[in-house]
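Next come the chains, spelled out residue by residue.
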Amino acid sequence: MEKQKQAQAQKRQKEEEARKAAEQKKREDAKQKAEEQKREQAKAEERKVEKTRKEEAARQKAEAEAKERERRKAEAEKKQEEAKRKAEEEKRRQEEQRKREEAERKKQEEQARKEAERKRLDAERKLQEKQLEAQADQARKARAEEAQRRKQAAAAKARESQMLSESQKYQALIRERLSQAWYPPSSATEEMTARLQITLLPTGELAGVKLVASSGNTAFDNSALGAVKSLSRYPVPSERDTFETYFRQFTIEFNPRRLR
């Protein structure tokens, strides 16, 4: 019994020890499992944190990239706006420059037109003045020429009158000399007339005589020619113009009743 009791006690002790050992192992296993689970949870938490971190990093990266894109877009739009503003400003500047140049061109054209108009009016005025002056000068010249013409006409008339008077005197002397030297033939009648052209030298000498109109009677014509040739010297004026006008060459008619 005692041995049985001891055996049972030992059995119970062993069982207790086995139980305790099993419990200890169970506890250790549970602890190990808990620690494993804790480690797994820690790892899972780490993975979650890492995932969250990565997601946050990705989100931040995406957000940064989006912001960068927005910044670049805004910068590009700003550049475009700036370029557009500059282009519009340049266009406005060029338009203003064009307007200024156009205004300056029109101003210069207007000045040139006014200057041309002034020159034209000045030229017309000068031309009118010149024409008036020329007309006045022409009128003065015409008056002077008219006065000179009248003076010359008066002088010429006086000269002609004097020459005519002088010529008449010498013509009368020549007719008288020829009348004295002429002896008409007995066959002459009062109806007979012979016209002779006489050419003299300034000294009064006979240069030539020509019958220009016959009387129809040869003896009558020869008597007239003989009378002309018989005079060695004719009375002529010493004034050359009078001589050239009236006595260089002249005609004379021989008629029994008169010489003319």
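Conventions and cut-offs
- The residue numbers shown here count from 1 along each chain, following its written sequence.
- Where totals are concerned, whole chains, interfaces and linings use all residues; where local detail is concerned, this predicted model gives features only for residues with pLDDT of at least 70, and gives and counts side-chain atom pairs only at 80 or more.
- Side-chain measures here rest on the full set of heavy atoms in the structure, leaving out hydrogens and waters.
- Each helix corresponds to a stretch of at least 4 residues labelled H or I by DSSP, and each strand to a stretch of at least 2 residues labelled E; elements are numbered beginning at the N terminus.
- Any residue under 20% of the maximum accessible area for its type is buried, any over 50% is exposed, and the rest in between are partly exposed; the area is computed with a 1.4 Å probe on protein chains only.
- The contact criterion used throughout is that any non-hydrogen atoms of two residues lie within 4.5 Å.
- For this document, the term salt bridge refers to a Lys or Arg side-chain nitrogen within 4 Å of an Asp or Glu carboxyl oxygen.
- Note: two strands are recorded as paired if DSSP finds a minimum of 2 bridges between them.
- Axis definition: a line fitted to C-alpha atoms, over the contacting stretch in the case of helices. Angles run 0 to 180 degrees between N-to-C directions.
- The handedness criterion is simple: a crossing whose near helix is rotated anticlockwise from the far helix by less than a right angle is left-handed, and one whose near helix is rotated clockwise is right-handed.
- When residue character is reported, Ala, Val, Leu, Ile, Met, Phe, Trp, Tyr, Cys and Pro are called nonpolar, Asp, Glu, Lys and Arg charged, and the others, Gly included, polar.
- Note on patches: the residues involved have over 30% relative accessible area and no salt bridge, like charges join within 9 Å, and the nonpolar side chains Val, Leu, Ile, Met, Phe, Trp and Tyr join within 5 Å.
- Shrake-Rupley sampling with a 1.4 Å probe provides the accessible areas, and residues are treated as covered by the protein chains on show and by no other component.
- We count Lys and Arg on the positive side and Asp and Glu on the negative side, and we leave His and both chain ends out.
- The atoms used to mark charge sites are NZ of Lys, CZ of Arg, CG of Asp and CD of Glu.
- Centres within 6.5 Å are what make two rings of Phe, Tyr or Trp a pair, Trp counting through its six-membered ring; a difference in plane orientation under 30 degrees is then read as stacked, over 60 as edge-to-face, and the rest as tilted.

## Things to note about the side chain of T242
Item 1. Inspection of the secondary structure assignment puts T242 in helix α3 (residues 240-247).
Item 2. Exposure remark for T242: the relative accessible area of 2% places this residue in the buried category.
Item 3. The residues touching T242, leaving out its near neighbours within four places in the chain, are R159, M163, E166, S167, P237 and F247.

## Some details on the environment of E65
Item 1. Within the fold, E65 resides in helix α1 (residues 2-181).
Item 2. Since its relative accessible area comes to 38%, E65 is described here as partly exposed.
Item 3. In this structure the C-alpha to C-alpha distance between E65 and E133, which are 68 residues apart in sequence, comes to 97 Å.

## Points about α1
Item 1. All of the buried residues in α1 are M163, S167, Y170, I174, L178 and A181.
Item 2. Check the buried side of α1 and you find it contacts β1 (194-200), α2 (218-230), α3, β3 (249-255) and β4 (258-259).

## Some thoughts on the pattern of salt bridges
Item 1. In the structure shown here, the tally under the stated rule is 33 salt bridges.
Item 2. Between R113 and E110 there is a salt bridge, with its nearest N and O atoms 2.5 Å apart. You can see R113 and its partner E110 sitting in helix α1, three residues apart, about one turn around the helix.
Item 3. A salt bridge links E244 to R248, with the shortest nitrogen-to-oxygen separation between them at 2.8 Å.
Item 4. What you see here is one network of salt bridges that share partners, running through E68, R71, R72, E75 and K79.

## Some details on the sheet that holds β1
Item 1. Here we have four strands laid out as an open sheet, ordered β2-β1-β3-β4, and antiparallel in their pairing. Each end of this open sheet is capped by a strand with a single partner; those strands are β2 (206-213) and β4.
Item 2. In this sheet, β4 lies alongside β3 in antiparallel orientation, the contact comprising two bridges. Of the residues in β4, the one forming a bridge with N255 is R258.
Item 3. On top of the sheet, α1 reaches β1, β3 and β4; it is set at about 45 degrees to β3, its chief contact.
Item 4. Its contacts with the sheet place α2 against β1, β2 and β3, and it is angled at close to 160 degrees to β2.

## A word on the pairing of β2
Item 1. The pairing of β1 with β2 spans six bridges and is antiparallel. Note on β2: the bridge partner recorded for Q197 is K210.
Item 2. Once β1 ends, the chain turns through five residues before running back antiparallel as β2, passing G204 with a positive phi of about 95 degrees.

## Side note on the packing of α1 against α3
Item 1. Packing of α1 against α3 brings their axes to within 10 Å, and their N-to-C directions diverge by 65 degrees. As α1 runs across α3, the sense of the crossing is right-handed. Between α1, through R159, E160, M163, L164, E166, S167, Y170, Q171 and I174, and α3, the contact on the second element is made entirely by D241, T242, T245, Y246 and F247.
Item 2. The class makeup of the residues in the contact of α1 with α3 is six nonpolar, four polar and four charged.

## Some words on a negative patch on the surface
Item 1. On the surface, a cluster of negative charge is contributed by E70, E77, E81 and E88.
Item 2. In this fold, E81 is placed in helix α1.
Item 3. Judged by its relative accessible area of 51%, E81 is exposed.

## What to know about the packing of aromatic side chains
Item 1. For the structure shown, the criterion picks out four aromatic pairs.
Item 2. Between Y170 and F247, the ring centres sit 6.4 Å apart and the planes meet at 75 degrees, which makes this aromatic pair edge-to-face. With Y170 in helix α1 and F247 in helix α3, this residue pair connects regions lying 77 residues apart in the sequence.
Item 3. On the basis of relative accessibility, which here comes to 16%, the residue Y170 falls in the buried class.
Item 4. Here W182 and F220 contribute two aromatic rings whose centre-to-centre distance is 5.5 Å and whose plane-to-plane angle is 90 degrees, an arrangement assigned as edge-to-face. In this pair, W182 sits in the loop between α1 and β1 while F220 sits in helix α2, placing the two residues 38 residues apart along the sequence.
Item 5. Residue classification places W182 among the buried residues on the basis of a relative accessible area of 7%.
Item 6. Taking the relative accessible area as the measure of exposure, F220 reaches 0% and is therefore buried.
Item 7. One aromatic cluster is present, built from ring pairs that chain together Y170, F247 and F250.

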